[in-house]
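# A closer look at the structure
Each chain, letter by letter, is given below.
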Amino acid sequence: MSSTEFYNRKIACGILNVLLLVLLASCHTTKHVPEGRYLLWKNRIELNSDKVMTNKGEVRDNLARIISQKPNSTYMGITFFKIPMRLWRYNRRYKKYSSRPDSLLPKTVERPTIYDTGSTPRSVQNMKSYLFNQGYFYATIKDSVVFNKRKAIVTYTINAGINYLINRINYKVDDNAIAQIVRRNAYSSVLEKGKEFTYSMLEEERSRIANLVANHGYRRFSLENITFKIDTMDKSIFRVAGSPFENAVNFISQTKSNKKSTLDIDVLIKKTEDTLAYNKYTIGKITVFPDYTRASDRTDSTMITKNINGIEFRYHKEYVRAKVLYNHIFMNPGNPYSKSNEDKTTARLGELGIFQYIRIQARENRVTRDSVDFNIYLNRSQKHNFTVNYEVSNGTTYTLGNSLSLNYRNNNFMKGANQFFVSLTGGLETFYYDELSDNIFNRFRILTTYYGLNAGIDFPKFLAPFGSSLFTRSNMPHTIVSGGENVIERMDYFRLVNSSANFSYNWHETDIKTWGLTPAFINVIRLPYKSPSFQTLLDSNEYLANSYRNTFIEGESISFKLDNNVKKRGINYSYVRLSFEEAGSLLRLIDKVGAATYGTDTIQYSLYTKFDFDARHYFTLQRSVLAFRLYGGVGTPYGNSLTLPYIKQYFAGGPYSLRGWRIRTLGPGSYISPSDTIPGKRQLNRIDRTGDIKMELNGEYRFPIAPLFAGALKMNGAVFADAGNIWLANKSDGYPGGELALSKLGQDIAMDIGAGARFDIASFLTIRVDMAIPVKKPYILTNKGWVFNEINFGSNTWRTDNIILNVSIGYPF
């Protein structure tokens, strides 16, 4: 028997064992169900409606969530497997767990869910309430139970009826000033004509109006001042006065047609028992205590006091300048009270990072009832922060990596809430290679060493000789100045030194939109050492020679980011980041002037433009998440540059890219190195594969598996697929097939599939283990690159070449 046949038989036996496990688990689930009782095996929902439901899947999932009694949880939460593993563990060790109270059972164990006849009416009522809140006012629900072999299957047959469209919104306000505010801002209402009605819209509209009015000085105005009246009678049906027969015909026609019924909404705003709800407040005195310690600080006459535009600052010691704090306070004496400005003040002061806690106390004028004073209490946090980080890692191009970083941060540099930071880092990567030596300790070889020193200052304001009026305090402008020097040494190849400097701004356009602008950045790339073998390689490969050269980079960049995760509360949210970078145009002008003046070129520099994109969307399902990412960039070298500089190039493969390839080993295009064609051999210390253009599409289905150690460790799983590649902007003889061409784009796309486990440690650290295999190789010219027919888990050579294990920190996207 060949080794391949042997391994294939082992795989077949493994599959058979899994099927037997499923059968045994199913047979023994009712082992400890009391006589005359039934195990709740499944809840089934049959959902119908009189009209088309655009969100039928979402409604069905939400109905399933609110069923009061649920079956025992199944493996991976996927019905197909139908293995209630927690129940199976309970039955397996019944004597140990049966006497324990539920509170002392491990989270990996469940008692059998005994069908409770009283739970079904409760579930029906929950479903009716949910459908009513979704605008299905006349839903009908019938329940039935099938008992078979001591198992109960409950079916809920639901006719949702019809839901209503909003026809008219009318605001009825018993105060003229508030009425003007509400009507003037009606454009931002979630209640819109033609929208499908849900009761959650009313709650959202109530919160919007309450915040809107409170932001115009009505501090005591609340949700209790807002009610709604809904009229579901479509008056257009009864348009013929005095003709009951024709009206009846219209009603029947409306019911039979696919046209949805409409409703009118009256928004009622009126006074309640709180007679001060309609009092408009202005801001009186504001007192800030930047280093508050005790209640006596409020009357301590020895404290240092400063006043800026009516805001008083009282210090024990002026450790932060009052002007800095003033720029992060959005309330001003004499202005109308605004709830959003009060909330924004708390948030922005907290973002300075120099306070342990922040508390705002309001005191109303009890005589006039038209003004409110504020005390802002701030407690100092630690100014200096030292951290030491040591990491041990494993990568796809190295066996063992070690890195050490020493970090210092001054959170209040120069008393301006400026953050000054210094970081010293160093590390190395080693590779384990059997053929290096008979001694196991001599089989480790250092591949890469790296070290660097970086420092910078983050100013919580806009620093520029002009244009400061472009930003307001609410934009949260920051100015970051940084620089450093980092060294990468690839053994047997080269030493690369990158000296960098950066001047940039970032600010918030809204709560979900952020901009970044870098008016100037500089990188000085030097290669003080090149090995003779590496130099020979450069001499024969023009692309590599242009990538690994001494060069000067000066450029500018701008970026935009949209992230609505917080706004969407982690449900069906999106993330988009776009950036554009340009380098060399200014130096090109200087170079031309120098050439005209001195008759020779003056600077060796890089010329390129670069556009990057990263778009993600997360679909939140009942107990899982479906995540997608479209990611990549286009770099265009021009002028005297034939490629992007090495530090600006793209790469593919690895734990955050195409996981079926080792990092920096895929591409460009359909290129393959002759050394990569030797089966079962992993080349030691290969040259990085890089490109000027990149495109990737990633998809993951993420699901929970089991909590461990009383929930302190959560084990989650994922199945995924990745597709994409990198390309060269210009054709290169050193990388045949590496350039981007639309005619061969389909061939050039690489694809992999895989599965992984993610260990979430106390919601603080996530360790990810992903295993992937390539299923489409762009350098395989037969069968358009698809290699499903080559998959052979029984072959040691195939496993060595194709099974890629990625161990990393955090999610890939």
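Residues numbered from 1 in each chain as written. Predicted model: local features only at pLDDT ≥ 70, side-chain atom pairs only at ≥ 80, totals over all residues. Heavy atoms only, no water.

### Considering the packing of helix α6 (residues 176–184) against helix α7 (residues 199–214)
As a reminder, the rule being used: In this analysis, axes come from line fits to C-alpha atoms, helices being fitted only over the stretch in contact, and the angle between any two N-to-C directions falls in the range 0 to 180 degrees. Helix and strand definitions follow DSSP, with helices as H or I runs of at least four residues and strands as E runs of at least two, each counted in order from the N terminus. Note that the term roughly parallel is reserved for angles under 35 degrees, roughly antiparallel for angles over 145, roughly perpendicular for angles of 65 to 115, and oblique for everything else. Throughout, a crossing is termed right-handed when the near helix is turned clockwise from the far one, and left-handed when it is turned anticlockwise from it by less than a right angle. Every residue pair with non-hydrogen atoms within 4.5 Å of one another is taken to be in contact. Amino acids are sorted into nonpolar (Ala, Val, Leu, Ile, Met, Phe, Trp, Tyr, Cys and Pro), charged (Asp, Glu, Lys and Arg) and polar (every other residue, Gly among them).
The interhelical angle for the contact between α6 and α7, taken along N-to-C directions, is 120°, at an axis separation of 10 Å. On the basis of their axis angle, the class for α6 and α7 is oblique. For the element pair α6 and α7, the recorded crossing hand is right-handed. On α7, the residues touching Ile 178, Ile 181 and Val 182 of α6 are Ile 209, Leu 212 and Val 213. Across the contact of α6 with α7, the residue classes tally to six nonpolar, no polar and no charged.

### Section: the sheet that holds strand β2 (residues 140–148)
Here is the rule we go by: Pairing between two strands requires that DSSP report at least two bridges joining them.
Ordered in space as β1-β3-β2, the three strands form an open sheet in which the pairing is mixed. The strands lining the two open edges of the sheet, one partner per strand, are β1 (39–48) and β2. Averaged over all neighbouring strand pairs, the angle between strand axes comes to 15°, with direction disregarded. Across nine bridges, β1 lies against strand β3 (residues 151–159) in parallel orientation.

### A closer look at the environment of Arg 314
Test applied: In protein, a polar contact means a hydrogen-donor-capable atom and an acceptor-capable atom, both N or O and within 3.5 Å, with residues adjacent in sequence counting only if both atoms are side-chain atoms; elsewhere, any N or O pair within 3.5 Å suffices.
Within the secondary structure layout, Arg 314 lies in strand β9 (residues 311–315). Sequence spacing of Arg 314 and Arg 298 is 16 residues, and the spatial spacing of their C-alpha atoms is 8.5 Å. Looking at Arg 314, its side chain comes within polar contact range of the main-chain oxygen of Asp 297, at 3.5 Å. Reaching out from Arg 314, the side chain makes a polar contact with the backbone oxygen of Asp 300 at a distance of 2.5 Å.

### Describing the pairing of strand β24 (residues 713–727)
What counts, and what does not: Summary of the burial criterion: residues with accessible area below 20% of their type's maximum are buried, those above 50% are exposed, and those between are partly exposed, where the area comes from a 1.4 Å probe applied to protein chains only.
Of all 15 residues making up β24, eleven are buried, and the element is well covered by its neighbours. As judged from the 15 bridges shared by strand β23 (residues 693–708) and β24, these two strands associate in the antiparallel manner. Its bridge partner being in β24, Tyr 701 is matched across the sheet by Val 719.

### Observations regarding the environment of Leu 40
Note that Leu 40 resides in strand β1. Between the C-alpha atom of Leu 40 and that of Pro 112, which follows or precedes it by 72 residues, the distance is 8.1 Å. With residues up to four places along the chain from it excluded, the contact list for Leu 40 reads Gln 69, Lys 70, Pro 71, Asn 72, Thr 113, Tyr 115, Ala 152 and Val 154.

### Notes on a positive patch on the surface
Heads up, the condition is: In this scheme, patches are assembled from residues that exceed 30% relative accessible area and form no salt bridge. Like charges are connected within 9 Å, while nonpolar side chains (Val, Leu, Ile, Met, Phe, Trp, Tyr) are connected within 5 Å. Here, Shrake-Rupley sampling with a 1.4 Å probe gives the accessible areas, and only protein chains in the shown set may cover a residue. Just to be clear on terms, a salt bridge is a Lys or Arg side-chain nitrogen sitting within 4 Å of an Asp or Glu carboxyl oxygen. His is not counted, nor are the chain ends, whereas Lys and Arg count as positive and Asp and Glu as negative. Working definition for charges: the position is that of NZ of Lys, CZ of Arg, CG of Asp or CD of Glu.
Among the surface-exposed residues, Lys 317, Arg 321, Arg 380, Lys 383, Lys 415 and Lys 461 lie close enough to one another that they form a single positively charged patch. Of note, Lys 383 is situated in the loop between β11 (371–380) and β12 (384–393).

### A short note on the packing of aromatic side chains
Counted only if it meets this: Aromatic pairs are defined between Phe, Tyr and Trp rings, using the six-membered ring for Trp, whenever the two ring centres lie within 6.5 Å; interplanar angles under 30 degrees are classed as stacked, those over 60 as edge-to-face, and all others as tilted.
Tallied over the full model, the rule gives 35 aromatic pairs. When the ring of Phe 289 is compared with that of Tyr 377, the centres are 5.4 Å apart and the planes differ by 20°; the resulting orientation is stacked. Of the two residues, Phe 289 is situated in strand β7 (residues 282–289) and Tyr 377 in strand β11; the sequence distance between them amounts to 88 residues. Summarising the burial analysis for this pair, Phe 289 and Tyr 377 share the class buried.

### A short note on the confidence of the model for the protein
Our working definition: The quantity known as pLDDT measures the predictor's confidence residue by residue, on a range of 0 to 100.
Looking at the protein, the pLDDT average stands at 85 and 85% of residues meet or exceed 70. By mean pLDDT, the top-scoring element of the protein is strand β20 (residues 574–583) (96), and the lowest-scoring one is helix α8 (residues 244–256) (45). Here residues 15–20 scores under 50 on pLDDT; set against residues more than four positions off or in separate chains, the count is zero contacts. Within the model, the stretch residues 77–81 combines pLDDT values under 50 with four contacts to residues more than four positions away or in other chains.

### Concerning the pairing of β7
Bridge count for β7 against β11 is six bridges, and the pairing is parallel. Residue Ile 286 lies in a different strand from β11, and its bridge partner there is Phe 374.

### Observations concerning the packing of helix α2 (residues 56–65) against helix α5 (residues 119–133)
Taken N-terminus to C-terminus, the directions of α2 and α5 make an angle of 145°; their axes are 9 Å apart at the nearest point. Viewed along their axes, α2 and α5 form a crossing whose handedness is right-handed. Where α2 abuts α5, its residues Val 59, Asn 62 and Leu 63 lie against Met 127, Tyr 130 and Leu 131. Class assignment for the residues of the contact of α2 with α5 results in five nonpolar, one polar and no charged.

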